[in-house]
Amino acid sequence: MPDLDALLALDDRWNAAYHHGDPGALEGVLAADWLGFLPDGRSIGRADLITHFPTDPAPTLMIERHAARIHGHTGITRLTLYEGPQRIQSVLRVYAYADGHWQAISAQVVP
């Protein structure tokens, strides 16, 4: 049964990957067919995200989660990234619950 605590734990793993500059940490987070959408409208797949993941994060990086919801076997989180006091971007992440666990299936980044 999908539960919010498990969804938030997975979302926290993704956030920790940003804080530590660790693209390998996304291996268990992102579904094989994960698809993201960038602010300029381009799409990015899982392999490209992992390849171009920032490995030298700013020491002042902060991630603020604004919302998390579950709708059946779909979950969403919404968050904003800040570098010090400057807002960098906001993100809507989409998760699916299958085979007893959550995986990220998509994300939309907005400026």
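Residues numbered from 1 in each chain as written. Predicted model: local features only at pLDDT ≥ 70, side-chain atom pairs only at ≥ 80, totals over all residues. Heavy atoms only, no water.

Q: So what's going on with unusual backbone geometry? Residues and values would help.
A: Of note, the phi angle at Asp99 is positive, near 55 degrees, even though the residue is not glycine. In this structure, Asp99 sits in the loop between β5 (86-98) and β6 (101-110). (Helix = DSSP H or I, 4+ residues; strand = E, 2+ residues; numbered from the N terminus.)

Q: So what's going on with the side chain of Gln89? Residues and values would help.
A: Mapping Gln89 onto the fold places it in strand β5. On the basis of relative accessibility, which here comes to 18%, the residue Gln89 falls in the buried class. Apart from the residues within four sequence positions on either side, Gln89 is in contact with Tyr18, Leu79, Thr80, Leu81, Val109 and Val110. (Buried < 20%, exposed > 50% of the residue type's maximum accessible area, 1.4 Å probe, protein only. Contact = heavy atoms within 4.5 Å.)

Q: Can you break down the UniProt feature "domain: DUF4440" (unreviewed entry) in the protein chain residue by residue, with the values?
A: Here the UniProt feature "domain: DUF4440" (unreviewed entry) sits at residues 7-103. As annotated, residues 7-103 has a helix share of 21% and a strand share of 49%, and its two end C-alpha atoms lie 9 Å apart. (UniProt positions renumbered as here; feature names shortened; annotations may be inferred.)

Q: Go over the pairing of β5, please, and point to the residues and values.
A: Bridge count for strand β4 (residues 74-83) against β5 is 10 bridges, and the pairing is antiparallel. Residue pairing for β5: Gly75 is matched across the bridge by Tyr95. The pairing of β5 with β6 spans 9 bridges and is antiparallel. Along β6, the bridge assignment pairs Leu92 with Gln108. Turn length for the β5-β6 hairpin, with the two strands adjacent in sequence and antiparallel, is 2 residues, and the turn residue Asp99 shows positive phi of about 55 degrees. (Pairing = 2+ DSSP bridges.)

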